[in-house]
Amino acid sequence: MKKIIILALFIGQIFAFNNIEALKTNIIELQKHNIPIVDIRLPYEWKSTGTIPNVLKITFFNERGEVNQNFLYKLKKHNISKNTKFAIICRTGHRTAMASKILEQNGYKNIINLKGGMFSLFTDLLKEVKYGK
């Protein structure tokens, strides 16, 4: 058990990205502070579920799971530099966790991983409908 805790602390020190839950309130706060949100899903996913308003749609992985070689270029095209704070979202959070690590290895320092992805956001929004929040 001690080894797992130490490993978790060590990993936490290695990666500089933040994990926050993909909830409506968090999305609103990010947008209120003009923090760009990048949806890294595939185009067919954007079409099937829609996207968050004003999100940047830049695919990180292709259908074969390979990294999109133009991703960093497209970030720069949207004025997102290595020091810019920005958030990334996918369907469940799995791809953003991997992408966050890759981006950090490429010098990006202010990445916010929207944990749980669109699935978490949809679940949160359904609670609003069900419970009238």
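Note: the structure precedes this text.
Residues numbered from 1 in each chain as written. Predicted model: local features only at pLDDT ≥ 70, side-chain atom pairs only at ≥ 80, totals over all residues. Heavy atoms only, no water.

## Considering the sheet that holds strand 2 (residues 37-39)
To summarise the sheet geometry, strands pair through backbone hydrogen bonds and adopt either a parallel or an antiparallel arrangement.
Right, so step 1: The strand order 1-5-4-2-3 describes an open sheet built from 5 strands, whose pairing is parallel. The open sheet is flanked by strand 1 (18-21) and strand 3 (56-57), the only strands paired with a single partner.
Right, so step 2: The sheet contact formed by strand 1 and strand 5 (residues 111-115) spans 4 bridges and is parallel. Each residue of the ladder has a partner; that of Ile20, found in strand 5, is Leu114.
Right, so step 3: Sheet contacts for helix 5 (residues 94-105): strand 4 (86-89) and strand 5; angle to strand 5, the most-contacted strand, approximately 170°. (Pairing = 2+ DSSP bridges. Helix = DSSP H or I, 4+ residues; strand = E, 2+ residues; numbered from the N terminus. Contact = heavy atoms within 4.5 Å. Axes fitted to C-alpha atoms, helices over the stretch in contact; angles between N-to-C directions.)

## Considerations on unusual backbone geometry
Right, so step 1: Even without being glycine, Asn54 reaches a positive phi, approximately 65°.
Right, so step 2: Along the polypeptide, Asn54 turns up in the loop between helix 3 (43-49) and strand 3.
Right, so step 3: Looking at Asn54, the relative accessible area reads 75%, which means it is exposed.
Right, so step 4: With a phi close to 60°, Asn79 is a non-glycine residue in the positive phi region.
Right, so step 5: Along the chain, Asn79 turns up in the loop between helix 4 (71-77) and strand 4. (Buried < 20%, exposed > 50% of the residue type's maximum accessible area, 1.4 Å probe, protein only.)

## Thoughts on the pattern of salt bridges
Right, so step 1: Taken as a whole, this structure holds 5 salt bridges when the rule is applied.
Right, so step 2: Close ionic contact of Lys115 with Glu21 constitutes a salt bridge, the shortest N to O distance being 3.9 Å. Residue Lys115 is found in strand 5, and its partner Glu21 is found in strand 1; the two are separated by 94 residues along the sequence.
Right, so step 3: Salt-bridge contacts for Glu29 lead to Lys32; the nearest nitrogen and oxygen are separated by 3.0 Å. Of this pair, Glu29 and Lys32 both sit in helix 2 (residues 24-32), 3 residues apart, which is roughly one turn of the helix. (Salt bridge = Lys/Arg side-chain N within 4 Å of Asp/Glu carboxyl O.)

## So, the packing of aromatic side chains
Right, so step 1: This structure, assessed with the given rule, holds 3 aromatic pairs.
Right, so step 2: Ring centres of Phe60 and Phe61 lie 4.7 Å apart, and the angle between their planes is 75°; on these two criteria the pair is classed as edge-to-face. Here the two residues Phe60 and Phe61 agree in accessibility, since each one is buried.
Right, so step 3: Aromatic side chains Phe86 and Tyr108 sit 6.1 Å apart centroid to centroid with 85° between the ring planes, which places their arrangement in the edge-to-face category. Taken together, the residues Phe86 in strand 4 and Tyr108 in the loop between helix 5 and strand 5 connect sequence positions 22 residues apart.
Right, so step 4: The buried category is assigned to Phe86, whose relative accessible area is 0%. (Phe/Tyr/Trp six-rings, centres within 6.5 Å; stacked < 30°, edge-to-face > 60°.)

## Notes on the pairing of strand 5
Right, so step 1: Burial analysis of strand 5 places 4 of its 5 residues in the buried class, the great majority of the element.
Right, so step 2: Each parallel crossover has a hand, and the one from strand 4 via helix 5 to strand 5 is right-handed. (Right-handed = clockwise from strand over helix to strand, strands pointing away.)

## Side note on the side chain of Asn68
Right, so step 1: Tracing the backbone shows Asn68 in the loop between strand 3 and helix 4.
Right, so step 2: Polar side-chain contacts of Asn68 include one of 2.9 Å to the backbone nitrogen of Asn70.
Right, so step 3: Non-local contacts of Asn68, meaning those with residues more than four positions away in its chain, are made with Thr59, Phe60 and Phe61. (Polar contact = N/O pair within 3.5 Å; in protein donor to acceptor, adjacent residues only side chain to side chain.)

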